[in-house]
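Analysis of the macromolecular model
Residue strings, one per chain:
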Amino acid sequence: MTAPGVVAPPAVAPASVAAPAVSMTRRYTFPAAHVLRHPSFSDRENQRVYGKCANPAGHGHEYAIEVTVTGPLDERLGWVVDPSVLDAIFDAQVRARFAHCLLNDDPVFRSQVPTAENLAQVIYASLAESLADRSSARLVEVRVVETRRNSFSYGDVK
Ligand SMILES: [Zn+2]
């Protein structure tokens, strides 16, 4: 009950509850190398910030990329997206660009450090548009598994 003369706070809309939906996650792997080095830092600063990951000789990872999509279920085929379509998009947009490469050589990583966090965002952007063009599925999340201890997600991260 609100006292006379006191304006009641606006009613708060109940939090919307998303309806359940089907998603599909597909995992891809490829090897790539990188050097964690901020272009405006000195070698010494990079060494201090990134430690051995700033070693100019670089180091490699066997990246695992988990791509999650959602969308209307194809009632007849029973799937969200044809996996071969997602595979073709991944191969063209990501594998052809980054596999067996030094990530620092890619133009996008001339202005940003090729951390797995940034790689997740770049891969997300690379896949989202092609997926929208070729499928009714929508990209939900890209997860980059860099090591056994570290993974990084970009998208509708819960
Ligand atoms: Zn690394």
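Scroll up to find the structure.
Description of the structure in this document. Position numbers for residues count from 1 along each chain, tracking the sequence in the order it is written. Side-chain atom pairs in this predicted model are given and counted only at pLDDT of 80 or more, local residue features only at pLDDT of at least 70, and totals for whole chains, interfaces and linings cover all residues.

1. Focus: the overall build of the protein chain
- Of regular secondary structure, the protein chain possesses three helices and four strands.
- In this description a helix means any DSSP run of H or I spanning at least four residues, a strand means any run of E spanning at least two, and both kinds are numbered starting from the N terminus. In sequence order, the protein chain lays out its α and β elements as β-α-β-α-α-β-β.
- Here the protein chain, with 158 residues, has 22% of them falling under the buried criterion.
- Residues are scored as being in contact if the C-beta atoms we place from backbone atoms lie within 7 Å. For the protein chain, the share of sequence-separated contacts (at least 6 apart) that also reach a separation of at least 24 residues comes to 67%. Put plainly, a residue is buried at 20 or more neighbouring C-beta atoms within 10 Å of its own, exposed at 12 or fewer, and partly exposed in between, counting only other residues' C-beta atoms, which are placed from the backbone.

2. Examining unusual backbone geometry
- The backbone of H100 sits at a positive phi, close to 60°, despite the residue not being glycine.
- Here H100 is to be found in the loop between helix 2 (83-98) and helix 3 (116-134).
- Taking the C-beta count within 10 Å as the criterion, H100 has 10 such neighbours and is therefore assigned exposed.

3. Things to note about helix 3
- Compared with an ideal rise of 1.5 Å per residue, which puts 19 residues at 27 Å, helix 3 spans 27 Å between its outermost C-alpha atoms and is within 8% of the ideal.
- Those residues of helix 3 that fall on the buried side of the exposure criterion are A116, L119, A120, V122, I123, S126, L127 and L131.
- Buried residues along helix 3 sit in contact with strand 2 (59-70), helix 2, strand 3 (138-145) and strand 4 (151-155). Residue count minus one, scaled by 1.5 Å, sets the expected span of a helix.

4. Let's talk about the pairing of strand 2
- In the sheet, strand 1 (residues 23-34) pairs with strand 2 via 12 bridges, with the strands oriented antiparallel. Looking at strand 2, one finds that H34 is bridged to H59.
- When DSSP finds two or more bridges between a pair of strands, those strands are recorded as paired. Taken together, the seven bridges between strand 2 and strand 3 define a ladder with antiparallel strand orientation. Across the sheet, residue V67 finds its bridge partner in strand 3, namely V142.

5. Regarding the nonpolar core
- In terms of nonpolar packing, the biggest core is built from 26 residues, with V69, I123, L127 and V142 touching the most fellow members.
- Those elements that provide at least two residues to this core are strand 2, helix 2, helix 3 and strand 3.
- Residues contacting V69, with those up to four places away along its chain left out, are S23, M24, V80, V81, L86, L131, A137, R138, L139 and V140. A set of buried residues drawn from Ala, Val, Leu, Ile, Met, Phe, Trp, Tyr and Cys, joined through C-beta atoms within 7 Å, is what defines a nonpolar core.

6. Some words on the packing of helix 2 against helix 3
- To obtain each axis, a line is fitted to C-alpha atoms, and for helices this fit is confined to the stretch in contact; angles are then taken between N-to-C directions over 0 to 180 degrees. For the pair helix 2 and helix 3, the least separation of the axes is 10 Å and the interaxial angle reads 135°. By the criterion of interaxial angle, the relationship of helix 2 to helix 3 is oblique. The interaxial crossing formed by helix 2 with helix 3 has right-handed handedness. Residue-level contacts link V85, I89, F90, Q93 and V94 of helix 2 to I123, S126, L127, S130, L131 and R134 of helix 3.
- The nonpolar class holds Ala, Val, Leu, Ile, Met, Phe, Trp, Tyr, Cys and Pro. Asp, Glu, Lys and Arg form the charged class, and all remaining residues, Gly among them, are polar. Residues that form the contact of helix 2 with helix 3 fall into these classes: seven nonpolar, three polar and one charged. Note that the term roughly parallel is reserved for angles under 35 degrees, roughly antiparallel for angles over 145, roughly perpendicular for angles of 65 to 115, and oblique for everything else. Helix crossings get a hand from a simple test, with the near helix turned counterclockwise from the far one by less than a right angle marking a left-handed crossing and a clockwise turn marking a right-handed one.

7. Describing the environment of Q47
- Considering the arrangement of structural elements, one finds Q47 in helix 1 (residues 43-50).
- Owing to 16 C-beta atoms within 10 Å, Q47 belongs among the partly exposed residues under this scheme.

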